[in-house]
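# Geometric and topological summary
What follows is each chain in one-letter form.
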Amino acid sequence: QVQLVESGGGLVQAGGSLRLSCAASGRISSSYTMAWFRQAPGKERDFVAAISWSSPTTYRADSVKGRFTISRDNAKNTVFLQMNSLKPEDTAVYYCAAKPTPRYSVSDYEYDYWGQGTQVTVSS
């Protein structure tokens with residue numbers, strides 16, 4: 001089992017920044033892929049970014065390229081999502097997710113473990 005706990009959400013004005021953290025515990029290994037998804041009210045859950053524990057390669061949705069950065073701290077088993085130049089349309093609940101293979105996916109159903117989510121609200 002893998003446990004994921006997100007933190008760092010909150011209310012910010014448009015143009016501002018937030019840094020989300022996802023602390024992972026349990027049977028996590030270097031073969032895992034970690035990702036961030038988000039879900040706005042009344043909408044489906046969308047892929048935001050992904051990174052593996054063993055590779056520096058990252059993947060981001062087109063909507064966040066140039067603004068969001070995903071990174072990890074292997075020693076602390078923590079994944080981060082640095083969000084800059086935030087827009088009102090970034091408002092959503094942000095979820096951390098994990099899948100036990102190194103190949104990333106934009107499909108939420110391929111991820112086995114999920115955190116409880118953290119709310120991000122961007123005011124205009």
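Residues numbered from 1 in each chain as written. Predicted model: local features only at pLDDT ≥ 70, side-chain atom pairs only at ≥ 80, totals over all residues. Heavy atoms only, no water.

The subject of this paragraph is the sheet that holds strand β7 (residues 68–73). Judged by pairing direction, the sheet is antiparallel, and its four strands sit side by side in the order β1-β3-β8-β7 without closing on themselves. Of all the strands in the sheet, the pair left with one neighbour each is β1 (2–7) and β7. Pairwise comparison of adjacent strand axes, ignoring direction, gives a mean angle of 20° for this sheet. Bridge count for β1 against strand β3 (residues 18–26) is six bridges, and the pairing is antiparallel. Residue pairing for β3: Ser 7 is matched across the bridge by Ser 21. (Pairing = 2+ DSSP bridges. Helix = DSSP H or I, 4+ residues; strand = E, 2+ residues; numbered from the N terminus. Axes fitted to C-alpha atoms, helices over the stretch in contact; angles between N-to-C directions.)

Counted under the stated rule, the structure contains eight aromatic pairs. A centroid spacing of 3.7 Å and a plane angle of 10° characterise the contact between Tyr 59 and Tyr 104, whose relative ring orientation is stacked. One end of the pair, Tyr 59, is in strand β6 (residues 58–60); the other, Tyr 104, is in the loop between β9 (92–99) and β10 (113–114), and 45 residues separate them in sequence. Judged by its relative accessible area of 30%, Tyr 59 is partly exposed. (Phe/Tyr/Trp six-rings, centres within 6.5 Å; stacked < 30°, edge-to-face > 60°. Buried < 20%, exposed > 50% of the residue type's maximum accessible area, 1.4 Å probe, protein only.)

Glancing now at the state of the cysteines. If you walk through the whole model with that rule in mind, you get one disulfide. A disulfide bridge connects Cys 22 with Cys 96, and the sulfur atoms are separated by 2.0 Å. Because the sign of the S-S torsion sets the handedness, a value of about -75° for the bond joining Cys 22 and Cys 96 places this disulfide among the left-handed ones. Residue Cys 22 is located in strand β3, and its partner Cys 96 is located in strand β9; the two are separated by 74 residues in the primary sequence. Residue Cys 22 shares its accessibility class with Cys 96, and that shared class is buried. (Disulfide = S-S within 2.5 Å.)

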